[in-house]
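Working through the structure, step by step
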Amino acid sequence: MQSRKKRAARKKRGGAPRWVRGLLVAILLIVLFVAGTIAGIVAAYSRNLPDISRMADYQPATSTRIFARDGTQLASVYRENRVYVPLSRIPLVMQHAVIANEDHNFYYHHGVDFGGIVRAGFADLTHQEFQGASTITQQLARKLFLNDQISLSRKIQEALLAMEIERYYTKDEILERYLNMIYLGAGAYGVDAAAHTYFGESVEKLTLPQAAMLAGVIAAPSDYSPFANFKLAKDRQEHVLDRMVDSGYITKAQARAAKAANVRLVHQRPAGLEGYLYPYYTTYVIAQLDKLFGKQAVEEGGLQVYTSLDIRMQKLAQEAVDWGVRTAKAEGINGHEAALVAIRPSTGEILAMVGGDGFTLNNQFNRAWQARRQPGSSFKAYVYTAAIDSGIPPNTIMDDTPVSYPMGDGTMWSPMDDDNTFMGPITLRTALALSRNVVAVKLADRIGLDKVIEYAHRMGVTAPLEANLSLALGSSVVSVLDQASGYSTLANQGVHIDPSAIRLVRDSLGNAVLDNQYPQATEVVSAGTAYIMTSMLEDVIKHGTGYPNAIIGRPAAGKTGTTSDFRDAWFVGYTPDLVTAVWMGNDNYSRMYESYGGDIPARIWARFMKAALKGVPKHNFTFPQGQVVKVTSCSGKTDLYLNGTQPLSGCADSHPYRAAIAPTPDAAAAATLPPAVSPPPATLPPGVTDAPLATLGPVTPAPASAASAGAAPAPATSAQPR
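The shown structure was predicted, so the numbers you read here are calculated from the model rather than taken from an experiment.

Thresholds, definitions, all that
- Residues numbered from 1 in each chain as written.
- Predicted model: local features only at pLDDT ≥ 70, side-chain atom pairs only at ≥ 80, totals over all residues.
- Heavy atoms only, no water.
- Helix = DSSP H or I, 4+ residues; strand = E, 2+ residues; numbered from the N terminus.
- Buried < 20%, exposed > 50% of the residue type's maximum accessible area, 1.4 Å probe, protein only.
- Contact = heavy atoms within 4.5 Å.
- Areas by Shrake-Rupley, 256 points an atom, 1.4 Å probe, with all protein chains shown as cover.
- Pairing = 2+ DSSP bridges.
- Axes fitted to C-alpha atoms, helices over the stretch in contact; angles between N-to-C directions.
- Salt bridge = Lys/Arg side-chain N within 4 Å of Asp/Glu carboxyl O.
- Core = buried A, V, L, I, M, F, W, Y, C linked by side-chain atoms within 4.5 Å.
- Polar contact = N/O pair within 3.5 Å; in protein donor to acceptor, adjacent residues only side chain to side chain.
- Phe/Tyr/Trp six-rings, centres within 6.5 Å; stacked < 30°, edge-to-face > 60°.
- pLDDT = per-residue confidence, 0-100.
- Patch = residues over 30% accessible without salt bridge, like charges linked within 9 Å, V, L, I, M, F, W, Y side chains within 5 Å.
- Parallel < 35°, antiparallel > 145°, perpendicular 65-115°, else oblique.

Below, the discussion takes up the overall build of the protein. A tally of regular secondary structure across the protein gives 23 helices and 21 strands. Counting the 722 residues in the protein, one finds 52% classified as buried. The long-range share in the protein, meaning contacts at least 24 apart out of those at least 6 apart in sequence, stands at 71%. Carbon together with sulfur atoms contributes 55% to the accessible area of the protein, which is approximately 31,600 Å² in total.

Okay, structure coming up:
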């Protein structure tokens, strides 16, 4: 009775039965146990979490982009095709499309969306459409610090990292990194690279339909890429647009219009090397970048490279080279390759570069700068420049007569011309115009091989040169780029500027790390010397070995070059505005058939120059006032002298030549002629059109030549006369 009263009293007070209290205690203990276990797990995993402070300094690998001078993108060089852009440059339609599709509560959670986890789990249990539970912050944490391994431990770390990231970084900072890191298929990482890859536009120009299509790719890039399956990509785009409506970012009317819009894709360019525009030029630029900054910086540093490539000229150059190779085949020349380099002499900018008749994955060899070939008589320009700059005038008489030089093995080397004849006493001007070999060798021997090599290097030849007399005939190998560089010094009035294909390089932050827009210029020969040499090389085109194929209807200068056995044929020429070097030959050094530099190479050169300079006003080479003196001979011919080397008085051929270089002590003033030099002939030899005006006066002793020192000049490498 009493116990019933006690129970009634407890019931009246609202007390719980004992079993209920026991259950509550058990539940509390379980909760405490679970909470403790979770806390222990969190503590354990927290101790091994990566340091998220690294996220502030983290710079993902970004691609280097290379542009032509008109802004056309030539190539993207990368390990991962990515261009990092700030959030301010990413349009809101792109941001909203990604947020709506990937994490519509992005601005409301703290790294982990627990409601989203419940919804995803319920959808999975009820076999509804799959819903991702990872937030944008979790995905970023996984990409930055973890891996894609599917495991409970990774998910725990991912969630913990996401919450930690949200503590220290703003939503905008998180979103910016995410949009620049996600993979969007077709080799594109980040929204800017994807915009260029699929639509040929920068990210700033993305429209709503384009942005929605890109956002739809994120879940499965290999499947949803519009290049892989456009219909599936279109379905995903419509799904994203619906999510944007649900999230309040766009209206239903905007979504309908976007779904109906025609999304145009650009033609899919192959990744890497196959996707380069104008690969002969572009691969040269990349090689120079690797040399300047290192391969890793080029592939991962996000450089912006602005080149000097003139796309119109590049196309014309390739067309001219292809035409030349076809013509060689049609005419039975047996010349299968050609190369061309065009330079603006006033700036050193490489405007066009063609390294062969076709760039392929199996044949990437660039003959414009990687090949080293004998230049033949086109090398004579350096010999004559050294002589003119030493004060020897172009109307100096030298004997085109037989000569022999001892070789190291006891034999003799006798340079010859292609026609196996000798013209006797002729002027240097005539000898260069007609490309007479004997005169070039005698002149090199007289002024000294060391001086010839010095001038060639100063003018732009970078290849090593061998000090033997056959060097005067082009026996040492050089590149097409070397020859264009060397001749550009003459075209630029004696001022040399190293050729460059790169105008400006900016780093990923936009800072200029290389500025070549105002390159260093060095005067290596006087403007007077350059002008006189130009006048002599004009004669090559007007009535020498370049006539008539190199005639282009405007003032131009140039030189032919043909090596023995016709293994190499060259034409290098210029106007005041453009320098172009052309080579033809075979990669295996097999000989061509009667292929002279004045033939197909000169025709390639003329074809290119006429087209490249179309619309450019014709003008003469600049006359250097005060440095060059014009003197008329008694016979009415006019020639040029460096100021101070002209005849003392009267007409040029009636007075001794006054040398600008001091005579040797044992020379009897101007009456004694140096070896291999003759007085003016009474009559002109056959084939000579310009009258001799003066004889060579005394010059300082030249350094010992290879011949006089007992060194053997390289035999059988002399150039042909054309």
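So, about the sheet that holds strand S17 (residues 568-574). Read from one edge of the open sheet, five strands run S7-S6-S18-S17-S16, paired in antiparallel fashion. On the outer flanks of this sheet lie strand S7 (349-354) and strand S16 (557-562), each paired with one strand and no other. Strand-to-strand, the axes of this sheet are offset by a mean angle of 10°, without reference to chain direction. The pairing of S16 with S17 spans six bridges and is classified as antiparallel. The residue of S17 that forms the bridge with Gly561 is Trp570. Packing against the sheet, helix H16 (residues 311-330) makes contact with strand S6 (337-344), S7 and strand S18 (579-585), and its axis sits at approximately 35° to S7. Across the sheet, helix H22 (residues 527-543) lies against S16 and S17, angled at about 65° from S16, the strand it touches most.

Overall, mixed pairing links the five strands, which are arranged S2-S1-S5-S13-S14 in an open sheet. Of all the strands in the sheet, the pair left with one neighbour each is strand S2 (73-77) and strand S14 (512-515). The mean angle between the axes of side-by-side strands here comes to 15°, regardless of whether they run parallel or antiparallel. Relative to S14, strand S13 (residues 502-506) is paired through three bridges, and the arrangement is antiparallel. Directly across from Leu504, in S14, lies its bridge partner Asp515. Relative to the sheet, helix H14 (residues 279-293) contacts strand S1 (64-67), S2, strand S5 (304-307), S13 and S14, its axis offset from that of S13 by approximately 55°.

By the definition in use, this model includes 28 salt bridges. Measuring nitrogen to oxygen at the nearest pair gives 2.8 Å for the salt bridge that ties Asp587 to Arg367. With Asp587 in the loop between S18 and helix H23 (600-612) and Arg367 in the loop between S7 and helix H17 (380-389), this residue pair connects regions lying 220 residues apart in the sequence. If you follow the salt bridges from partner to partner, you end up with Arg69, Arg344, Glu349 and Arg503 in one network.

This next bit is on helix H9 (residues 191-199). Within H9, eight of the nine residues are buried, which leaves it mostly tucked inside the rest of the structure. Within the sequence span of H9, burial applies to Val191, Asp192, Ala193, Ala194, Ala195, Thr197, Tyr198 and Phe199. Of the surrounding secondary structure, the elements contacted by the buried residues of H9 are S1, strand S3 (81-82), helix H4 (92-102), helix H8 (171-181), strand S4 (188-189) and helix H10 (208-217). Positive phi shows up at Gly200, right after H9, with a value of about 65°.

Before going further, it helps to examine the nonpolar core. Judged by nonpolar contacts, the single largest core of 91 residues is most densely connected at Ile66, Val341, Ile350, Tyr384, Leu537 and Tyr574. The residues contacting Leu537, other than those within four sequence positions of it, are Leu432, Tyr487, Leu490, Ala557, Gly558, Lys559 and Tyr574. Listed in part, the 50 residues of the second largest apolar core include Leu87, Ile90, Leu175 and Val245.

What follows covers the side chain of Gln304. By the element assignment, Gln304 lies in strand S5. A polar side-chain atom of Gln304 sits 3.4 Å from the main-chain carbonyl oxygen of Gly302. Beyond its immediate chain neighbours, meaning those up to four positions away, Gln304 contacts Ser63, Arg65, Phe67, Leu504, Val505 and Arg506.

All right, on to unusual backbone geometry then. Cis geometry is adopted by the peptide bond preceding Pro548, which originates at Tyr547 and carries an omega value of 0°. Not every positive phi belongs to a glycine, and Asp565 is a case in point at roughly 65°. The topology assignment puts Asp565 in the loop between S16 and S17. Take Asp565: its relative accessible area is 34%, and that puts it in the partly exposed class.

The next point concerns the packing of aromatic side chains. Aromatic ring pairs are reported here in terms of the distance separating the ring centres and the angle at which the planes meet. Applying the stated rule across the entire model yields 15 aromatic pairs. Ring centres 5.0 Å apart and planes at 70° place the aromatic pair Phe379 and Tyr382 in the edge-to-face group. Residues Phe379 and Tyr382 agree in their burial class; the two are buried. Ring plane angle 75° and centroid distance 6.2 Å describe the contact between Tyr382 and Tyr487, whose orientation is recorded as edge-to-face. Of this pair, Tyr382 sits in helix H17 while Tyr487 sits in helix H21 (residues 480-491), placing them 105 residues apart in sequence. The class of Tyr382 is buried, set by a relative accessible area of 0%. Joined through ring pairs, the aromatic side chains of Phe379, Tyr382, Tyr487, Tyr574 and Phe621 make up one cluster.

A few words on the confidence of the model for the protein. When pLDDT is averaged along the protein, the result is 83, and 79% of the positions lie at 70 or above. Contacts for the low-pLDDT stretch residues 120-128, under 50 throughout, to residues beyond four places or in other chains number six contacts. Counting interchain partners and residues more than four positions distant, the pLDDT-below-50 stretch residues 654-721 has 177 contacts.

The buried fraction of S2 is high, at four of five residues. One ladder, built from four bridges, connects S1 with S2; its direction is antiparallel. By the bridge assignment, Ile66 is partnered in S2 with Ala75. The turn joining S1 and S2, which pair antiparallel and follow one another in sequence, is formed by five residues; a positive phi near 95° is taken by Gly71.

What follows covers a nonpolar patch on the surface. Taken together, the side chains of Trp19, Leu23, Leu24 and Ile27 define a hydrophobic patch exposed on the protein surface, amounting to about 450 Å² of accessible area. Looking at the element boundaries, Leu24 is found in helix H2 (residues 18-47). Residue Leu24 is classed as exposed on the basis of its relative accessible area, which comes to 52%.

Two numbers describe a pair of packed helices, the interaxial angle and the distance between the axes. Closest axis-to-axis distance for the H10/helix H12 (residues 230-246) pair is 7 Å, and the angle between their directions is 105°. Taken as axis vectors, H10 and H12 run roughly perpendicular relative to one another. When H10 is examined against H12, the residues Leu208, Pro209, Ala212, Met213, Ala215 and Gly216 are found in contact with a partner set consisting of Phe230, Ala233, Lys234, Arg236, Gln237, Val240, Leu241 and Met244.

Taken across its six residues, S16 has six buried, putting it largely inside the fold. Burial along S16 is two-sided: the residues Ala557, Lys559 and Gly561 and Gly558, Thr560 and Thr562 are all buried.

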